[in-house]
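In case you want the letters, here they are:
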Amino acid sequence: MRERANELSERGYTVFPSHVANAVTTELGSALRALRDELGGPPLYSEADLVVADDVNVSPVGLTFFGLLGRAPGAVMEFLLEPTLLALFAEVLGPGFELEQVSAVLSDHTRPFFFWHNHVGGIDGVDHRGRNDPAPLRIERLVCTLYAVPLDDAHGAMLVLPRRVGDATAAPHTDARVPWPSAVALRAEPGSVVVLDEACWHAVPPMTRPGERAFAAFFVRRAGLPPTVRVDASIARARA
């Protein structure tokens, strides 16, 4: 686990290839398609945010479901409680780490290049592309994503810009809708898990063929951090 923690500190990300069982990823994809059908089949991309239902919107990332524990608990519970990931979070964030948000995204070939961004401050963090905030001296928050489809050129590999803890948080380039120099393309099979430091810049190229791209994500933070504006009420209900 120390090796994984070092990867997060030295480059801002670590990848667990094919880490989650096929049955879990299949259930996740099916659950997201069913939720979309229940909402009347909204589009899977919009340049401007469109509110579809409570805690559901369509945006440049795709059709986004917040509070996923309240909508499809069976599809994510095994992912949330995976022992290796829990051990990594305890190693990096301390044993009192807190679950902050559980969400998922369904998109398709209509989505163009999903612009470079990070998650400093959590899911509702401000856009840091024009900022130069002091660099955190330790990892405070992690983003953990599970892919129900391959990370490949057909579905959109994840582009990440490696950074060490303490490196500047400001965007190194101004055009957020093109691949950046020095970016690393992450490619992996379905069931793979990518863990990112909140300050790690990442982007996703468009799909190169018709189809869907589905993933679930959750945010964990070091104990005692101020809560985000967006509160995931489904977590408290799941604990109860």
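Residues numbered from 1 in each chain as written. Predicted model: local features only at pLDDT ≥ 70, side-chain atom pairs only at ≥ 80, totals over all residues. Heavy atoms only, no water.

Undergrad: Just give me the short version of the pattern of salt bridges, but keep the residues and values in it.
TA: Charged atoms that come close allow side chains of opposite charge to pair. For the structure on display, the rule yields 15 salt bridges. Between E212 and R33 there is a salt bridge, with its nearest N and O atoms 3.5 Å apart. Of this pair, E212 sits in strand β12 (residues 212-221) while R33 sits in helix α2 (residues 22-38), and the two are 179 residues apart along the sequence. With relative accessibility at 27%, the residue E212 sits in the partly exposed group. One salt bridge in this structure joins D153 and R187, with 3.0 Å as the shortest N-O distance. On the criterion of sequence distance, the pair formed by D153 in the loop between β7 (141-147) and β8 (158-160) and R187 in the loop between β9 (184-186) and β10 (193-197) is long-range, its members being 34 residues apart. Overlapping salt bridges bring together E98, E100, R141, E198 and R221 as one network. (Salt bridge = Lys/Arg side-chain N within 4 Å of Asp/Glu carboxyl O. Helix = DSSP H or I, 4+ residues; strand = E, 2+ residues; numbered from the N terminus. Buried < 20%, exposed > 50% of the residue type's maximum accessible area, 1.4 Å probe, protein only.)

Undergrad: Can you lay out the packing of aromatic side chains for me, pointing to particular residues and giving the numbers?
TA: Evaluation of the coordinates by the stated rule reveals 7 aromatic pairs. Ring centres 4.9 Å apart and planes at 65° place the aromatic pair F79 and F218 in the edge-to-face group. Of the two residues, F79 sits in helix α3 (residues 73-80) while F218 sits in strand β12, which places them 139 residues apart along the sequence. Both residues of the pair, F79 and F218, count as buried. Residues F114 and F115 carry aromatic rings whose centres are separated by 5.0 Å and whose planes lie at 50° to one another, so their mutual orientation is tilted. On the basis of relative accessibility, which here comes to 10%, the residue F114 falls in the buried class. Since its relative accessible area comes to 17%, F115 is described here as buried. Members of the aromatic cluster, connected to one another through ring pairs, are F79, F89, F97 and F218. The residue whose ring lies beneath R230 is F66, and the NZ or CZ to ring-centre distance is 3.7 Å. (Phe/Tyr/Trp six-rings, centres within 6.5 Å; stacked < 30°, edge-to-face > 60°. Lys NZ or Arg CZ within 6 Å of the ring centre and 35° of its normal.)

Undergrad: Tell me about the sheet that holds β8, residues and numbers included.
TA: Strand order in the open sheet formed by 4 strands is β6-β11-β8-β9, and the pairing between neighbours is antiparallel. The open sheet has two edge strands with one neighbour each: β6 (114-117) and β9. Sheet twist, expressed as the mean angle between neighbouring strand axes with direction ignored, is 20°. (Pairing = 2+ DSSP bridges. Axes fitted to C-alpha atoms, helices over the stretch in contact; angles between N-to-C directions.)

Undergrad: For the packing of helix α1 (residues 2-11) against helix α4 (residues 83-93), give the residues involved together with the corresponding values.
TA: Where α1 contacts α4, the two axes come as close as 9 Å, and the packing angle between them is 55°. Taken together, the axes of α1 and α4 are oblique relative to one another. Remark: the crossing between α1 and α4 carries right-handed chirality. For the pair formed by α1 and α4, the contact residues are R2, R4, A5 and L8 on the first element and L88, E91 and V92 on the second. Of the residues assigned to the contact of α1 with α4, the class counts are 4 nonpolar, no polar and 3 charged. (Parallel < 35°, antiparallel > 145°, perpendicular 65-115°, else oblique. Left-handed = near helix turned anticlockwise from the far one by under 90°. Contact = heavy atoms within 4.5 Å. Nonpolar A, V, L, I, M, F, W, Y, C, P; charged D, E, K, R; others polar.)

Honestly, it's all geometry; don't read function into it.
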